[in-house]
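A closer look at the structure
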Amino acid sequence: MRRVVGIEEWRRLAAEKRASGRRIGLVPTMGALHAGHESLVAAARANGDYVIMTIFVNPRQFNDPNDLRAYPRTPEADRPLAESFGVDALVEPTMAEMWPAYPDPTPTTVSVAGLGDVLEGAGRPGHFDGVASVVAKLAIVTGSSRAYFGEKDFQQLAVVRRMVLDLGLDVEVVGCPIVRDDDGLALSSRNVRLDASARARALSLSRALAAAADLGGPPSAMREAMAATMTAAQVVVGYAEVVDPATLRPLEDDATGPARALVAGVVDGVRLIDNREVEVRKGP
Ligand code: AMP
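The shown structure was predicted, so the numbers you read here are calculated from the model rather than taken from an experiment.

1. Quick word on the domain arrangement of the chain
Interfaces are often described in size by the accessible area the parts lose on coming together. We note that the domain assignment places domain 1 (2-176) and domain 2 (189-280) within the chain. Here domain 1 and domain 2 have C-alpha centroids that lie 26 Å from each other. Each partner contributes to the interface: domain 1 provides 20 residues, whereas domain 2 provides 16 residues. Summed over both partners, the interface of domain 1 with domain 2 comes to about 1,600 Å²; 59% of that surface belongs to carbon and sulfur atoms.

Dropping the structure here:
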């Protein structure tokens, strides 16, 4: 596995691989790698891509400095893991190259209004500006590529797809299914911060989504069932929503068809999210 730090080397490497006929598969991460990240690499490899994984804990997408401080950073463990996943080049860019103004505010921002303002964006102001800005930079430096993102961050995927469309970036966005532990907990780098009791309560997120799927509508009853499941497990509910999967707008009770249920909750100070596809139908 090749290791790259500098932006110019990264840009050149991607250009060389394209010139030799390879398609680049870009897998952006914030490190603390797990099987969710591995699944993105596997998808890129299955497509025959030259896989460039980036690891960069992007401060611009953390609205809470404590969350940024507590975010797990495990570079020594990540490098052999990335290699074992089959990453071809691991890019660990420096802050000085990614955000030269940091810790002062970066003057240039990419912002996706609407999609970036609801759900996670409502509770974490500026989060998706940080996400869109960093993904735009990764995509521009990498150049023509496929970029792989997990449905675990469903709203992020929607924001990135919109940004790529609106800015005409030469990136094909590939969404990949959520990887879960056997007990249903969606894998997340943040899970390492959960002790046994917090982890047990965190399972209420996936249980809430299962309850919503079983109920099948109307959306208001699904929202109530999800919030009740999480509250009963002493999880502080951030949101429990049923939305149109394309617009992320909340569905009314007369809606029918495929929808997305999304939940966010705080367990022992750790913020977790999860989502799944559901079918909604009108109430009796
Ligand atoms: P992160 O390092 O948390 O920023 O995540 C990097 C990428 O991995 C994002 O596209 C995430 O959506 C994806 N990812 C994280 N957890 C999972 C998971 N459990 N299943 C699938 N993809 C995931």
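2. A word on the pattern of salt bridges
Within this structure, the stated rule accounts for 20 salt bridges. Residues Asp166 and Arg162 are paired through a salt bridge, measuring 2.9 Å at the closest nitrogen-oxygen approach. Of this pair, Asp166 and Arg162 both sit in helix H8 (residues 154-167), 4 residues apart, which is roughly one turn of that helix. A residue is classified by how much of its surface remains accessible, and Asp166, at 49% relative accessible area, is partly exposed. Under the relative-accessibility criterion, Arg162 is labelled partly exposed at 37%. Note that Asp181 is salt-bridged to Arg199, the shortest N-O span being 3.4 Å. Note that Asp181 is positioned in the loop between strand E6 (171-176) and helix H9 (196-215) and Arg199 in helix H9, a separation of 18 residues in sequence. Classification of Asp181 as partly exposed rests on a relative accessible area of 30%. Judged by its relative accessible area of 25%, Arg199 falls in the partly exposed class. Within this structure, Asp67, Glu120, Arg124, Arg190, Arg193 and Arg271 form a network of salt bridges that share partners.

3. Examining the nonpolar core
Within the largest apolar cluster, 45 residues are counted, with the highest numbers of intra-cluster contacts made by Trp10, Ile52 and Met163. Looking at which domains feed residues into this core, each of domain 1 (2-176) and domain 2 (189-280) supplies at least three. Beyond its immediate stretch of four places on either side in the chain, Met163 contacts Val110, Val112, Ala132, Val135, Ala136, Gly168 and Leu169. Listed in part, the 26 residues of the second largest apolar core include Ala208, Met226, Ala233 and Ala259.

4. Topic: helix H4 (residues 75-85)
The set of residues buried in H4 consists of Asp78, Arg79, Ala82 and Phe85. Summarising the axial view, the buried residues of H4 lie within an arc of 130°, below the 170-degree limit, and thus occupy one face. Residues of H4 that are exposed and angled more than 90 degrees away from the buried face: Glu76 and Ser84. The inward-facing, buried residues of H4 contact strand E1 (2-4), helix H2 (35-46), strand E3 (50-55) and strand E4 (89-91). Two residues or fewer past H4, Gly86 is found with a positive phi of approximately 100°.

About the criteria used
- Residues numbered from 1 in each chain as written.
- Predicted model: local features only at pLDDT ≥ 70, side-chain atom pairs only at ≥ 80, totals over all residues.
- Heavy atoms only, no water.
- Domains from an automatic or database assignment.
- Contact = heavy atoms within 4.5 Å.
- Buried area = accessible area lost by both parts, 1.4 Å probe.
- Salt bridge = Lys/Arg side-chain N within 4 Å of Asp/Glu carboxyl O.
- Helix = DSSP H or I, 4+ residues; strand = E, 2+ residues; numbered from the N terminus.
- Buried < 20%, exposed > 50% of the residue type's maximum accessible area, 1.4 Å probe, protein only.
- Core = buried A, V, L, I, M, F, W, Y, C linked by side-chain atoms within 4.5 Å.
- Arc of directions from axis to C-beta.

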